[in-house]
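Now for the letters of each chain:
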Amino acid sequence: MIDIDREESQNAVRMSWNILPGNGVDLQRYIIPCGIHYTPLKNIDNLQLLEYEPVRCRTCKSVLAPSFIIDFRSKSWVCPFCSTKNMFPQAYAQHISEENLPVELLPNSTTIEYKLNKKESKYPVFFFIIDTAIEENELNELKETIQTTLSMIPPECEIGIITSGTMCNLLELGFTDFPKMFVFKGDKDYQPKDIISQLGLMNKNDPRVQSTSGKKFLIPLKDCEFAVNSFLDDLFPDPFPQEFEKRKSSCLGLCLNVAVTLLETLHNNEPSRIFLFAGSACNIGQGKIVNLSLKETIRNYLDFEKKNENINHFKDAVTFYGSIADRAFKSNQIIDIFSCCLNQTGLLEMKYITEKTGGLMVSTDSFSTQVFKESFKKLFDTNEEGNLKMSFKGMTEVFVTKPLKLKGALGHLVSLNKNNNDMVSNDYQIGQGKTCVWNLGGLDSTSTYTFILDQSNTDQNIANSLRYCTIQILTSYIASDRSTRLRVTTIRRKYSPDLQNNKYEVAQGFDQEAAVVLLTKMAIWKSDTEDRIDVLRWVDKSLIQLMQRFAEYSKDVPASFKLTKEFSFFPQFVFYLRRSFVLQNFNASPDEVAQFKTILLRENVTNSTIMIQPALLSYSADKNDYDPVFLEAENMKSDKVLLLDAYFFICIWFGEDVCKWREAGYQDQEGYENIKNMLDSPMDYAQSIISERMPVPRFVSADYGSGQERLIKSVLDPSLEGTQNFKEGYFVSDDVTLKTFMDFLKKKVVAS
């Protein structure tokens, strides 16, 4: 059987089903689709880096891998995807033999990376869009963070700055005598050609552009660092007066338009990154989210349900930001959004900007929070060679052997509408479909993409003859050292000819974490076009049908319901999925939900699982290590310390007795080292999570009976119900408990 942990550590792959159906009928009986979660830049131990060109199939361009058929006598190999017989290059043919294999043919080289012989990429361009329609103290915090990170940017990287307010101001960094701006009227609609004309950039294909007129807007940091710092020192909030009962004017949409247009013109198809710092919602001009008048509140879910007037901007804004996203990914730009405001800033409308370009979305209350400051600084982390860890111009191509087909992909990617050798299913598409090649844009070590498989075979005789399938994923990108890399992952999976007679074997290949993450990503995709309640019913129906197919039970006897270890946690995952922002919007704004869904789409299986079902760890004085415990209120015991990891925030809760011990100072006394360890261990563990996660989670420390205790209580299952719960010292909740959910599920599954 497949070792799931080994497969993930060696190939960065998780699959919902590790034994695939041999025919289309069985595929439907699997209930949960066959999906591949792939993390192309995952840090893999002992990953081989080959500094020569890969050996490719002359027909479909797949790459030679260990599982391919090799004929050492004729010095040839057969491509499993198109059945083409390929001759080895002469350099290979002279030395290759069964005893002398190149690295890429060694059995453990299922994932390998090539450093392609291409011209070194240019240094990336960084464009800062600064919102000045905010309070002065907020602007000061933002300026301080930007100035701190300037020292982390390689001096060869070009810099550009735009400020947003009543006007869109593009700084001419090439003019050093004093700050000189090109100003665009905030409430006017500009087409790209208008912006190019006003900036005097002529035609973007004119070779004179970059060397003459365009040079003044984007300058290498080493030539303008003093000018940038001086400009930021003197930058103040938007000087235009704020009218009574009106918001400060903000034209963030126009600023994005100008930045994207400038990079399209001067650095088309070159690595570039736009940082959008939003302290308010766009309220004038292109991409307007809300009107200037304070009498109009920014849209929320109730407004969408009642179709109030303040949702009138929604469709136009989504269309505008969608067009910005399309232009950005086509010219290989990455757009990151840092939303730092107590109110909403329009992340719901702008989400496609990050999803299509591979950018990052961070939402927090203020530019002064550690969530913003540390997340932005972490973008500029360097590796052991001193290069930025950023990767650009990602592109992936997937090959599958017949009769498998590709049904679509989910994540921060865009279809390039290329069908290689009829590998694409013609049936119902999921996510970004009708292609086997996708544009990824920016990517990092946790960026994960989900590919959905289809089975085109309908003949049982063919199904009986199928043994193994081969899947290859090629991912090209610009690495941190500006070289072009190609990571190749080739995996094989066994077929099941008949589910009815091989149900136990198929069940052993089920990965419940990968399956619930696939179910969640599909629910996010469905929620864009379907009502929330319809998506919820689809999730419930999928769970019930899966349990009916693979659980052991007697008809009409709920007590007989039993699950094997491969499925034991799946109903629990779905229980917490139903409570998450994927399917619920109670007590959440559209922007909060948009951020939750956007980040879940790009994260790996482990992090996505934590977002669905947070992790709870219990620390006690009589043990040196923690115990993972269920998310139940009964674990909030007076002599325990709990650490809740909910991905976006980490909460450490101290029980009533622990608080008394801490206040008495036992941890500082000799003989009470166990108390000190119980207090320090969760803090150390929390810091290790914070140092690795992106975006940085919020850290909360909560004592028994404190107001912050609500954070952990809002996540935990009440365990007990009604009066009994209250008497036990826990809390009363309207939420259905996990026990009630499981009892109802058992009844539905075993019903005749």
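Residues numbered from 1 in each chain as written. Predicted model: local features only at pLDDT ≥ 70, side-chain atom pairs only at ≥ 80, totals over all residues. Heavy atoms only, no water.

**Student:** Looking at this model, I keep getting lost on the pairing of strand 24 (residues 484-496). Mind explaining?
**Tutor:** Here is the key point about a regular strand: its side chains alternate between the two faces of the sheet. Summarising burial for strand 24: 11 of the 13 residues are buried, a large majority. Pairing geometry for strand 2 (residues 19-21) and strand 24, over three bridges, is parallel. Bridge assignment links I19 to a residue of strand 24, and that residue is K494. Sheet topology note: the strand 8 (residues 111-115)/strand 24 ladder contains five bridges and is antiparallel. Of the residues in strand 24, the one forming a bridge with I112 is V488. (Buried < 20%, exposed > 50% of the residue type's maximum accessible area, 1.4 Å probe, protein only. Helix = DSSP H or I, 4+ residues; strand = E, 2+ residues; numbered from the N terminus. Pairing = 2+ DSSP bridges.)

**Student:** It is not clear to me how the sheet that holds strand 29 (residues 641-645) should be interpreted in this structure. Could you clarify?
**Tutor:** Note on sheets: strands pair through backbone hydrogen bonds, and any given pair is parallel or antiparallel. In spatial order, the strands read 28-27-29-30-31; together these five strands make up an open sheet with mixed pairing. At either margin of the open sheet sits one strand with a lone partner, and together these are strand 28 (627-629) and strand 31 (698-703). For this sheet the average axis-to-axis angle between neighbouring strands, irrespective of direction, equals 25 degrees. Taken together, the five bridges between strand 27 (residues 615-619) and strand 29 define a ladder with antiparallel strand orientation. Within the sheet, the bridge partner assigned to S618 lies in strand 29 and is L642. Strand contacts of helix 19 (residues 656-664): strand 29, strand 30 (649-654) and strand 31, with the helix running at about 80 degrees to strand 30, the strand carrying the most contacts. Across the sheet, helix 20 (residues 673-692) is in contact with strand 27, strand 29, strand 30 and strand 31; its angle to strand 30 comes to roughly 180 degrees. (Axes fitted to C-alpha atoms, helices over the stretch in contact; angles between N-to-C directions. Contact = heavy atoms within 4.5 Å.)

**Student:** Looking at this structure, I do not really get the packing of helix 19 against helix 20. What am I missing?
**Tutor:** Packed helices, taken two at a time, are described by the angle between their axes plus the distance between the axes. Axis separation between helix 19 and helix 20 bottoms out at 11 Å; the angle between their running directions is 110 degrees. In terms of orientation, helix 19 lies roughly perpendicular with respect to helix 20. Between helix 19 and helix 20 lies a crossing of left-handed hand. Seen from helix 19, the contacting residues are V658, W661 and R662; seen from helix 20, they are I675, M678 and L679. Residues belonging to the contact of helix 19 with helix 20 are distributed by class as follows: five nonpolar, no polar and one charged. (Parallel < 35°, antiparallel > 145°, perpendicular 65-115°, else oblique. Left-handed = near helix turned anticlockwise from the far one by under 90°. Nonpolar A, V, L, I, M, F, W, Y, C, P; charged D, E, K, R; others polar.)

**Student:** So what exactly am I meant to see when it comes to the packing of helix 5 (residues 192-199) against helix 7 (residues 252-266) here?
**Tutor:** At their nearest, the axes of helix 5 and helix 7 sit 10 Å apart, and the two run at 75 degrees to each other. By the criterion of interaxial angle, the relationship of helix 5 to helix 7 is roughly perpendicular. Residues P192, I195, I196 and L199 of helix 5 touch helix 7, and the partners they reach there are N257, V258, T261, L262 and T265.

**Student:** Looking at this structure, how should I read the pairing of strand 21 (residues 437-443)?
**Tutor:** Across the seven residues of strand 21, seven count as buried, placing the element largely inside the fold. Relative to strand 21, strand 17 (residues 391-400) is paired through five bridges, and the arrangement is antiparallel. Within strand 21, the position partnered with S391 by the bridge is L443. By the bridge criterion, two bridges tie strand 19 (residues 414-415) to strand 21 in an arrangement that is antiparallel. When the sheet's bridge partners are listed, V414 is paired in strand 21 with N439.

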